[in-house]
Amino acid sequence: MLERPDQVPWWRRAVVYQIYPRSFADANGDGIGDLDGARQRLDHLAWLGVDAIWLSPFYPSPMHDFGYDVADHTGVHPLFGTLDDLDRLVAEAGKRDIRVIVDLVPNHTSHEHPWFQASRSSRDDPKRDWYVWRDGRGPGEPPNNWVGAFLEGPAWTWDPHTEQWYLHQFLPQQPDLNWANPEVREAVYDVMRFWLDRGVAGFRIDVVHCIGRDPELPDDEPPWVGIPHCAINEHPSTHEYIKEMRAVVEAYDGDRVLIGETALPGTRWVAPYYGHGDELHLAFNFAATHAPWDAERWRQRIERIHEELDPRGAWPTWVLSNHDMPRHRTRYGGSEARARAAAVALLTQRGTPFLYGGEELGLEDAVVPPERVVDPGGRDGCRAPVPWLRAPGHGWGPDPWLPFPPEAAERSAEAQRADPTSILHLYRRLLAARRRSDALRLGHQELLDAPAGVLAWRRRCGDDERVVLVNMGDAPATVAATGTVEVASDGRGEGAAFDGVLDVDVAVVLRP
Ligand code: GLC
Ligand code: CA
């Protein structure tokens, strides 16, 4: 049953924009993005039409994983600014009706976090049990066969001082917290309250599927042996912990949201994290990011969402790019036409879309020479600085931490803002079309028959209706659909009757 559009919680109607602070905008000219830089670009985001921003970590950190190794959950790293800067950003965003979501990293901390420093100081320390310590299977042999992410060695590191191994599903500098310990959970819930009290709209929860673990820590079995354990970790206790987090946010007004990073193999794995309306509000579904630019494969992904999420009343998420994978323009081969068509396909889906900073400029990954690679996971290309200005430097200090993406001058926000035919303007038109149509924002989705290579669907909410056609094939197609072109990825013919012809890598939104 359809809820009345005005009663739908904001996060179902929203488009969320991810800011990776290091890469977004640099206010003080040291070549690293910062919170003030983000604040100065709020007008860009308001003009674009986003409803919320999600800030990747800006917390104190030794930066082994560029901030996802948190050393203090309630502070701001001096590189990014101060707590006052954060408060200002939240306040200024609020004036523009933009909500701010922050990143919560509950699975692990930095090895420099005071909790871990205490935990590793002695086997008798009161915080010993806050992390996962075990004896090995024998000299030099870790407790099980789990593999960590990024370095692809054991998910365990030997601590010579206390002569035990500690678990880390990610880097050795990211020891896993022991969520079975209620003190740990309370400590994390206090962190959540700290940010909720400061007015944030909710959390994006880092690798939330990893926090509960089988207390026996059994070996991974084929076919998963050798795959980072974090990619498959699942345990029923995780759902109990998420329910507790849900209770924390529900004690606040204003529909605060929990968005979980459920980085699991497919939609079927992701669905249970919505619980029965008592776990995550939104769970990241990366299924589309694993699909090539292929109509049949996209169609299967969409069908799977209908099968797995709709029966639960769970609202999908859509994401094509983030700070952990090559940008989708790069993945799809680099053509701008295709990036434009992908923007239409993303922003007209049923579900809350997430944009990754700079995606609206049609950025590709930077080419990062080996000597400038800094990320242990090799994710540098998508983290290149966002070019704001046309002139050299592009609005950044003289020595940005990574090279710029290709064609930074032409793709800068300044250059594209001045060109109504740019991909930036296309994103803006799509966001506006979504905002004015209940069908696009909230409506049902029905996949339609279409010629090979074309993906087609109808969205409907009450009397409001749109049809979306995307030619992902390698030849122009003729489609038996009629209506007025509301948005076209190639910009031509908006407002005119659709002539039925779709060129390669072209997408249109039709109004009946
Ligand atoms: C998530 C983050 C990623 C990070 C990892 C460990 O997947 O998105 O950037 O490296 O968790 O915290
Ligand atoms: Ca800076």
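Residues numbered from 1 in each chain as written. Chains lettered and ligands numbered in written order. Predicted model: local features only at pLDDT ≥ 70, side-chain atom pairs only at ≥ 80, totals over all residues. Heavy atoms only, no water.

Trainee: I keep staring at the sheet that holds strand β12 (residues 444-447) and nothing clicks. Help me out?
Mentor: Across a sheet, strands are paired by hydrogen bonds formed along the backbone, either parallel or antiparallel in direction. In spatial order, the strands read β12-β13-β14-β18-β16; together these five strands make up an open sheet with antiparallel pairing. Lying at the two open borders of the sheet, with one neighbouring strand each, are β12 and β16 (484-488). Averaged over all pairs of adjacent strands, the angle between strand axes in this sheet comes to 25 degrees, irrespective of strand direction. One ladder, built from four bridges, connects β16 with strand β18 (residues 507-511); its direction is antiparallel. Across the sheet, residue V487 finds its bridge partner in β18, namely V509. (Pairing = 2+ DSSP bridges. Helix = DSSP H or I, 4+ residues; strand = E, 2+ residues; numbered from the N terminus. Axes fitted to C-alpha atoms, helices over the stretch in contact; angles between N-to-C directions.)

Trainee: What's the story with the side chain of Q164 in this structure? I'm lost.
Mentor: Its place among the elements puts Q164 in strand β6 (residues 164-167). Among the polar contacts listed, one links the side chain of Q164 to the side chain of R128, at a separation of 2.8 Å. What Q164 contacts, discounting residues up to four positions off in sequence, is R123, R128, W133, R134, D135, T157, W158 and D159. (Polar contact = N/O pair within 3.5 Å; in protein donor to acceptor, adjacent residues only side chain to side chain. Contact = heavy atoms within 4.5 Å.)

Trainee: Quick question: what am I supposed to make of the coordination of the calcium ion (ligand 2) here?
Mentor: The textbook angles at a metal center are 109.5 degrees for a tetrahedron of four donors and 90 or 180 degrees for an octahedron of six. For the calcium ion (ligand 2), the full set of protein donor atoms is D26 (OD), N28 (OD1), D30 (OD), I32 (O) and D34 (OD), at a range of 2.2 to 2.4 Å. One chain supplies every donor for the calcium ion (ligand 2), spaced along it as D-x1-N-x1-D-x1-I-x1-D. D34 carries the same exposure label as D26, and that label is buried. (Donors = N, O, S within 2.8 Å, 3.2 Å for Na, K, Ca; no water. Buried < 20%, exposed > 50% of the residue type's maximum accessible area, 1.4 Å probe, protein only.)

Trainee: What is the right way to look at the environment of V454 in this model?
Mentor: Here V454 lies in strand β13 (residues 454-461). Taking the C-alpha atoms as reference, V454 lies 9.5 Å from P476; in sequence the two are 22 residues apart. Filtering out sequence-adjacent residues up to four positions away, V454 remains in contact with A295, V470, N471, A477, V479 and L502.

Trainee: Please clarify how the environment of R417 should be interpreted in this entry.
Mentor: Turning to its location among the elements, R417 is positioned in helix α13 (residues 413-417). Residue R417 is classed as partly exposed on the basis of its relative accessible area of 41%. Separated by 265 residues in the primary sequence, R417 and E152 have C-alpha atoms spaced 43 Å apart. When near neighbours in sequence (up to four residues on either side) are disregarded, R417 contacts W47, L424 and H425.

Trainee: Even after reading the chapter, I still don't get the packing of helix α7 (residues 182-197) against helix α8 (residues 236-250), so can you show me in this structure?
Mentor: When two helices pack together, their arrangement is given by the angle between the helix axes and the distance between those axes. In contact at an axis separation of 10 Å, α7 and α8 are set at 30 degrees when each is read in the N-to-C sense. Between α7 and α8, the angle falls in the class roughly parallel. As α7 runs across α8, the sense of the crossing is right-handed. When α7 is examined against α8, the residues R185, Y189, M192, R193 and L196 are found in contact with a partner set consisting of Y241, E244, M245, V248 and V249. Each residue belonging to the contact of α7 with α8 can be placed in one class, and the counts come to seven nonpolar, no polar and three charged. (Parallel < 35°, antiparallel > 145°, perpendicular 65-115°, else oblique. Left-handed = near helix turned anticlockwise from the far one by under 90°. Nonpolar A, V, L, I, M, F, W, Y, C, P; charged D, E, K, R; others polar.)

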